[in-house]
Amino acid sequence: MARVKICGINSPEDVEIVNELKPDYVSFAFYKNKRQVTYEKARKLKQILDKDIRVIGVFVDENTNVVASAANDDLLDVIEFHGNEGPGEIERIKAFTEKPIIQGFRIRSRADVELALDSHADSILMYSDSESGVPMDWKLLKNVTRPYFLAGGLNADNIEKAIKICHPFAVSVTTGVETDGIKDREKMAAFIKMARRTK
């Protein structure tokens, strides 16, 4: 059974829904996008978040000291990078914190998959252009044995097929559980139910 990650939590209403539905992970976006939150707001949201839900902070080309500070003050359980962070940056962060690191990779070809598999991060996340709502060619991931998060274009209608083809460690969803850019309780419930019943 794949674990479930709900991305871009940014309001008390979002937290209320995830506390009810209990995904395995939620993420806060600490980079410029429509779901961005400040560190102060993320701390307030975490205070009302179910303690069993792990918190991931998503960064894009952020200063190492800023990332380490956010991780080490117990705001985050996991760090996720989605910028141009190379092996050197990953190793520098590891020197500052023991929190696990996820590195995201946009997958367009098998060469992109091979690049992701060589990551120095603790985990990898492989995704299509998630804002487009179009999934990647899942067959590119069919023989991947390293555990990974699958993202991009996922929703309740296709998650069963995605898991059966890819067998990911976890699935990660943003727009697939939103309506007009706002987290939708019914879509989130349907996604989590389908993901957790699929092997």
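A brief structural summary. (Residues numbered from 1 in each chain as written. Predicted model: local features only at pLDDT ≥ 70, side-chain atom pairs only at ≥ 80, totals over all residues. Heavy atoms only, no water.)

Overview of the packing of aromatic side chains
- Following the criterion strictly, the structure yields five aromatic pairs and no others.
- Aromatic ring contacts, followed pair by pair, group F28, F30, Y39 and F59 into a single cluster. (Phe/Tyr/Trp six-rings, centres within 6.5 Å; stacked < 30°, edge-to-face > 60°.)

Side note on the sheet that holds strand β4 (residues 78–81)
- Read around the closed barrel, eight strands run β1-β2-β3-β4-β5-β6-β7-β8, paired in parallel fashion. Pairs of neighbouring strands in the sheet enclose a mean axial angle of 25°, with direction left out of account.
- Across three bridges, the pairing between β4 and strand β5 (residues 101–106) is parallel. By the bridge assignment for β5, I79 is matched with I101.
- Helix-sheet contacts for helix α5 (residues 110–117) involve β5 and β6 (123–127), and the interaxial angle to β6 is about 160°. (Pairing = 2+ DSSP bridges. Helix = DSSP H or I, 4+ residues; strand = E, 2+ residues; numbered from the N terminus. Axes fitted to C-alpha atoms, helices over the stretch in contact; angles between N-to-C directions. Contact = heavy atoms within 4.5 Å.)

Examining the side chain of K46
- Relative to the assigned elements, K46 resides in helix α2 (residues 39–47).
- Although K46 is buried, it forms no salt bridge, and the closest oppositely charged side chain is D77 at an N-O distance of 4.3 Å.
- Of the polar contacts made by the side chain of K46, one reaches the backbone oxygen of D74; its length is 2.5 Å.
- Those residues in contact with K46 that lie beyond four places of it in its chain are F28, K51, V55, D74, L75, L76 and D77. (Buried < 20%, exposed > 50% of the residue type's maximum accessible area, 1.4 Å probe, protein only. Lys, Arg positive; Asp, Glu negative; His and termini not counted. Salt bridge = Lys/Arg side-chain N within 4 Å of Asp/Glu carboxyl O. Polar contact = N/O pair within 3.5 Å; in protein donor to acceptor, adjacent residues only side chain to side chain.)

Focus: the packing of helix α1 (residues 12–21) against helix α7 (residues 185–197)
- With their axes 11 Å apart at the nearest point, α1 and α7 run at an angle of 30° to one another. One element, α1, and the other, α7, form an angle in the roughly parallel class. As α1 packs across α7, the resulting crossing turns out to be right-handed. Contacts between α1 and α7 involve I17, V18, E20 and L21 from the first element and R185, M188, A189, I192 and R196 from the second.
- Considered class by class, the residues forming the contact of α1 with α7 number six nonpolar, no polar and three charged. (Parallel < 35°, antiparallel > 145°, perpendicular 65-115°, else oblique. Left-handed = near helix turned anticlockwise from the far one by under 90°. Nonpolar A, V, L, I, M, F, W, Y, C, P; charged D, E, K, R; others polar.)

Note that all results are geometric; they support no functional claim without further evidence.
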